[in-house]
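Okay, here's what each chain looks like letter by letter:
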Amino acid sequence: MVTPKDLRKPPARERLHASVAEELEEQILAGELSVGDRLPAESAIAQSFGVSTRSVREAIQVLETKGLVRRRHGERTVVVRNDVSQFLGTLATSLHQLFASDPGYLRQLMDVRRMIEVEVAESLAHREEPIGPAFSRALAELRAAADSDDHELFAERDADFHAALVASADNAILTELYRHLFDLIISVIRVSSRVPSKSLERAYEEHARIHDRIASRDPAAAADAVREHIDNSAAYLEIALRQPQEKDD
């Protein structure tokens, strides 16, 4: 039976559905509601939380967007969340929609990349064998893309390189997260590559520097190389995002 754990003062009206969604999400992620379980009728949930059925429907819609439940006409809502991949996949889809509506989220993605990739590079450089064949192969494919002067291909190989970097950390959750953010990262790279002054050769050299600093087992230099590369990409991104606005002015 779904019951609110906290019977303190009810939240403001605009927060009612969020409060219900947060409570149900907590129960799902904690395993109190398992995959395949059906939620009580909306009227029963509404009565338990002291809210309207409209608030319950809005809460369930939030959970459905996150990939935690599934609704079908004429049936009670069922819990479908069963692994990290499914949850992250839905999260990536939601982020993609946000990026489409507000390019500002692209800047936030760059911050996320910086936080993750700098840490990964530094960690790899501490290892006895910091470079694996997949990472080196990704750099070689990036070299070939640069030689072909194919910007579209280079954008894809660029994203492959960063995915290989993160995968080298041997952290399943982190690798899965980057796999789902793959299309989003390509979107950022494609936007920043619109800037005419951005040379594929220079971009390749930045990636080669990251690879070489990790291979030389210099954690500080490896971290600096990644940070410098992402900072440069962020700067190009800012220029690219301003271009449409400047054309309109």
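Residues numbered from 1 in each chain as written. Predicted model: local features only at pLDDT ≥ 70, side-chain atom pairs only at ≥ 80, totals over all residues. Heavy atoms only, no water.

### Description of the overall build of the chain
Step number 1: If you tally the helices and strands in the chain, you get eleven helices and two strands.
Step number 2: In the chain, the succession of α and β elements from N to C terminus is α-α-α-β-β-α-α-α-α-α-α-α-α.
Step number 3: Within the chain, the fraction of its 249 residues that count as buried is 42%.
Step number 4: Counted over contacts in the chain with a minimum sequence separation of 6, partners at least 24 positions apart contribute 71%.
Step number 5: Just so you have it, the chain exposes about 13,600 Å², and 49% of that area is on carbon and sulfur atoms. (Helix = DSSP H or I, 4+ residues; strand = E, 2+ residues; numbered from the N terminus. Buried < 20%, exposed > 50% of the residue type's maximum accessible area, 1.4 Å probe, protein only. Contact = heavy atoms within 4.5 Å. Areas by Shrake-Rupley, 256 points an atom, 1.4 Å probe, with all protein chains shown as cover.)

### A few points about the packing of aromatic side chains
Step number 1: Taken as a whole, this structure holds one aromatic pair when the rule is applied.
Step number 2: An angle of 45° between the planes, with centres 4.9 Å apart, marks the rings of Phe135 and Phe161 as tilted. Residue Phe135 is found in helix H6 (residues 133-148), and its partner Phe161 is found in helix H7 (residues 151-167); the two are separated by 26 residues along the sequence. For the residue pair Phe135 and Phe161, the accessibility class agrees, reading buried in each case. (Phe/Tyr/Trp six-rings, centres within 6.5 Å; stacked < 30°, edge-to-face > 60°.)

### Comments concerning the confidence of the model for the chain
Step number 1: The pLDDT averaged across the chain works out to 82; a share of 78% of its residues lies at or above 70.
Step number 2: Low confidence marks residues 4-10, where pLDDT is under 50. Its contacts with residues over four positions away, or in another chain, come to five contacts. (pLDDT = per-residue confidence, 0-100.)

### Some thoughts on the environment of Ala145
Step number 1: The residue Ala145 is located in helix H6 in this model.
Step number 2: Of the residues examined, Ala145 reaches a relative accessible area of 1% and is grouped as buried.
Step number 3: As for Ala145 and Arg157, which are separated by twelve residues in sequence, their C-alpha atoms are 7.1 Å apart.
Step number 4: Not counting residues within four places of it along the chain, the set of residues in contact with Ala145 comprises Asp150, Leu153, Phe154 and Arg157.

### Some thoughts on the nonpolar core
Step number 1: Within the largest apolar cluster, 44 residues are counted, with the highest numbers of intra-cluster contacts made by Phe154, Ile185, Tyr204 and Ile214.
Step number 2: Of all elements in the fold, only helix H5 (104-125), H6, H7, helix H8 (172-180), helix H9 (182-192), helix H10 (200-215) and helix H11 (219-248) reach the threshold of two or more residues within this core.
Step number 3: Residue contributions to this core peak at nine residues, all from H5.
Step number 4: In this structure, Ile214 is in contact with Ala121, Leu124, Ala125, Pro130, Ile131, Phe135, Leu165 and Ala222, ignoring residues within four places of it in sequence.
Step number 5: In terms of nonpolar packing, the next biggest core, distinct from the first, is built from 18 residues, Ala21, Ala46, Phe49 and Ile60 among them. (Core = buried A, V, L, I, M, F, W, Y, C linked by side-chain atoms within 4.5 Å.)

### A word on unusual backbone geometry
Step number 1: Positive phi, close to 55°, is recorded for Asp149, a residue that is not glycine.
Step number 2: The residue Asp149 is located in the loop between H6 and H7 in this model.
Step number 3: One non-glycine residue, Arg217, adopts positive backbone phi at about 60°.
Step number 4: Residue position: Arg217 is located in the loop between H10 and H11.

### Let's talk about the side chain of Thr77
Step number 1: In this fold, Thr77 is placed in the loop between strand S1 (69-70) and strand S2 (78-79).
Step number 2: Setting aside anything within four residues of it in sequence, one finds Thr77 in contact with Asp37, Arg38, Leu39, Ile60, Val69, Arg70 and Arg71.

### Describing a positive patch on the surface
Step number 1: On the surface, Arg38, Arg70, Arg72 and Arg76 cluster together into a patch of positive charge.
Step number 2: Tracing the chain through its elements places Arg38 in the loop between helix H1 (16-29) and helix H2 (42-49).
Step number 3: Given a relative accessible area of 44%, Arg38 falls into the partly exposed group. (Patch = residues over 30% accessible without salt bridge, like charges linked within 9 Å, V, L, I, M, F, W, Y side chains within 5 Å. Salt bridge = Lys/Arg side-chain N within 4 Å of Asp/Glu carboxyl O. Lys, Arg positive; Asp, Glu negative; His and termini not counted. Charge placed at Lys NZ, Arg CZ, Asp CG, Glu CD.)

### What to know about H10
Step number 1: With 16 residues, H10 extends 22 Å between its outermost C-alpha atoms, agreeing within 8% with the 22 Å of an ideal straight helix rising 1.5 Å per residue.
Step number 2: For H10, the full list of buried residues reads Leu200, Ala203, Tyr204, Glu206, His207, Ala208, Ile210, His211 and Ile214.
Step number 3: A distance of 3.1 Å separates the backbone nitrogen of Glu201 from a side-chain oxygen at the start of H10, and that oxygen is part of Ser199.
Step number 4: A positive backbone phi angle near 60° is found at Arg217, which sits one or two residues after H10. (Expected span 1.5 Å × (residues − 1). Polar contact = N/O pair within 3.5 Å; in protein donor to acceptor, adjacent residues only side chain to side chain.)

### Brief notes about the packing of H7 against H10
Step number 1: One way to put it is that H7 packs onto H10 with a least axis distance of 12 Å and a crossing angle of 15°. Relative to H10, the element H7 is oriented roughly parallel. Read as a crossing pair, H7 and H10 show a hand that is left-handed. Contacts between H7 and H10 involve His151, Phe154, Asp158, Phe161, His162 and Leu165 from the first element and Leu200, Ala203, Tyr204, His207, Ile210 and Ile214 from the second.
Step number 2: Classifying every residue of the contact of H7 with H10 gives eight nonpolar, three polar and one charged. (Axes fitted to C-alpha atoms, helices over the stretch in contact; angles between N-to-C directions. Parallel < 35°, antiparallel > 145°, perpendicular 65-115°, else oblique. Left-handed = near helix turned anticlockwise from the far one by under 90°. Nonpolar A, V, L, I, M, F, W, Y, C, P; charged D, E, K, R; others polar.)

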